[in-house]
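# Structural overview for review
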Protein chains: 2
Amino acid sequence: MLRAVRDQFWNKGYAATSMDDLMKVTGLGKGSLYGAFGDKHQLFLRIFDTYCVNSVESVRQALEGPDAGALERLRRYLLGAATASAGPSRRGCLVARGTAELSGQGATDVTDRALTAFQGIEAHFARCLEQAQRHGDVAAGADPRKLAAMLLAVFRGLEALGRAGMDEASLRGMVETALEGLPVSARRRR
Amino acid sequence: MLRAVRDQFWNKGYAATSMDDLMKVTGLGKGSLYGAFGDKHQLFLRIFDTYCVNSVESVRQALEGPDAGALERLRRYLLGAATASAGPSRRGCLVARGTAELSGQGATDVTDRALTAFQGIEAHFARCLEQAQRHGDVAAGADPRKLAAMLLAVFRGLEALGRAGMDEASLRGMVETALEGLPVSARRRR
DNA sequence: AGAATGGTGGACCGCGCGGTCAATAACTTT
DNA sequence: AAAGTTATTGACCGCGCGGTCCACCATTCT
């Protein structure tokens, strides 16, 4: 049922979603919604929060594994994100949409959660890069955290560009180019 | 006067901006607005369009110059974007905000303009990188268009992360890291 | 000067919004 | 089975929305 609410916000945005929409989509009466969550904003926040947590968790799962395949897992994850952002599935990422819409009118509760999520994702990228470094796929001298931060920017860029309708091939190309730019350990350099 | 409308949309978003807000901010009567533009959506589109054109143009201007300083100009531009995205100025980029809010309910007129703008910016990045390549700051074998696309992703990522409240130092770091990843011509490699 | 013209303002419209609340249904307890 | 208790409902509220429309006034033409 929370999922239905989430999809509604996800598809139409915060302001464009009315409480009647939410009634229709959940099958619940208006009073029940207000009784359980108190507010449209609070309801959104609830949805947004679990979405953020899930996002970070799904990144963790996707990157989990032995040192050997770490870089490849990261690559696959980012390419998957590129494909997902591009498809005419259209909806993109709720975190991006929510922050874009609600930042700037004092909704620090929203942006704070988004920031935390982004930092969580960045941390997982960094851990994955450390693994890759340990395995020798990334140069020993490199700073995994800096690289992770930069890949996070690319990651969010994919989402933004995908929303504008950029095609899948271009987005995947960006990922490849970014990964090619990672410092490779000397013995692996072509 | 169009500037006042633009600022309103820019600060509050599309859905959250009412026609009364626009009346107040322009000093015009409602009938005048409708007489001149016909519609809230059309009015937004008008604003959005010129904003897109101006954005691309401002990139062009920022990157214009001799081959010698091309890479440095690009670097400065991206660092400036990082700083601008981070400040508690808050408003960020109207293209990003508009596409995030309006993509997905068939508003292809909005996303099309945004996509065109992004491609224009990418093209200017690529031209600048070609210059840098000609001057020997970028490896001869590299593909400036691919690099430009990747930097575009970083660029849009900065905006998205800045909106979530990420601090300026982090954003600037991402730019530096991305630029360090560019293939440097052999004779300049440390 | 007076008539014709067209751009302008803001009262006005119906609607759908976020939010409330008393009536009611469903379930628990004895 | 009856009483008590909690959860659910949808009619209802006032408001502010996007959009319309006409009286008004400044300008121009004769």
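Summary of the structure given here.

With that settled, consider the protein's contact with DNA strand D. The environment of DNA strand D is formed by 14 residues, the closest being Gly29(A), Gly31(A), Ser18(B), Gly31(B) and Lys40(B). Only helix 3 (30–37) of chain A together with helix 2 (19–26) and helix 3 (30–37) of chain B provide two or more residues apiece to the surface near DNA strand D. When its residues are assigned to classes, the surface near DNA strand D shows three nonpolar, six polar and five charged.

Surveying the vicinity of DNA strand C reveals 14 residues, the closest of which are Ser18(A), Met19(A), Gly31(A), Gly29(B) and Gly31(B). For the surface near DNA strand C, the secondary structure elements donating two or more residues are helix 2 (19–26) and helix 3 of chain A together with helix 3 of chain B. Ranked by the residues each element gives to the surface near DNA strand C, the list is headed by helix 3 of chain B, at four residues. Broken down by class, the residue content of the surface near DNA strand C amounts to three nonpolar, six polar and five charged.

The partner chain B presents 44 residues to the 44 residues of chain A that form the contact. For the side of chain A that touches chain B, the secondary structure elements donating two or more residues are helix 1 (2–12), helix 6 (94–102), helix 7 (108–135), helix 8 (144–163) and helix 9 (168–180) of chain A. A total of 15 residues in the side of chain A that touches chain B trace back to one element, the largest contributor, which is helix 8 of chain A. Per-class residue counts for the side of chain A that touches chain B are 22 nonpolar, 13 polar and nine charged.

This brings us to the relation of the copies chain A and chain B. Expressed as a screw transformation, the operator carrying chain A onto chain B has a rotation angle of 180° and an axial translation of 0.0 Å, and the superposed copies differ by an RMSD of 0.0 Å. Here the copies are linked by what is in effect a two-fold axis. Residue by residue, 100% of the interface of chain A is reproduced at the interface of chain B, so both copies engage with the same surface.

Procedures and definitions
- Residues numbered from 1 in each chain as written.
- Chains lettered and ligands numbered in written order.
- Predicted model: local features only at pLDDT ≥ 70, side-chain atom pairs only at ≥ 80, totals over all residues.
- Near = placed C-beta within 6 Å.
- Helix = DSSP H or I, 4+ residues; strand = E, 2+ residues; numbered from the N terminus.
- Nonpolar A, V, L, I, M, F, W, Y, C, P; charged D, E, K, R; others polar.
- Contact = placed C-beta atoms within 7 Å.
- Least-squares fit on C-alpha atoms with pLDDT ≥ 70 in both.

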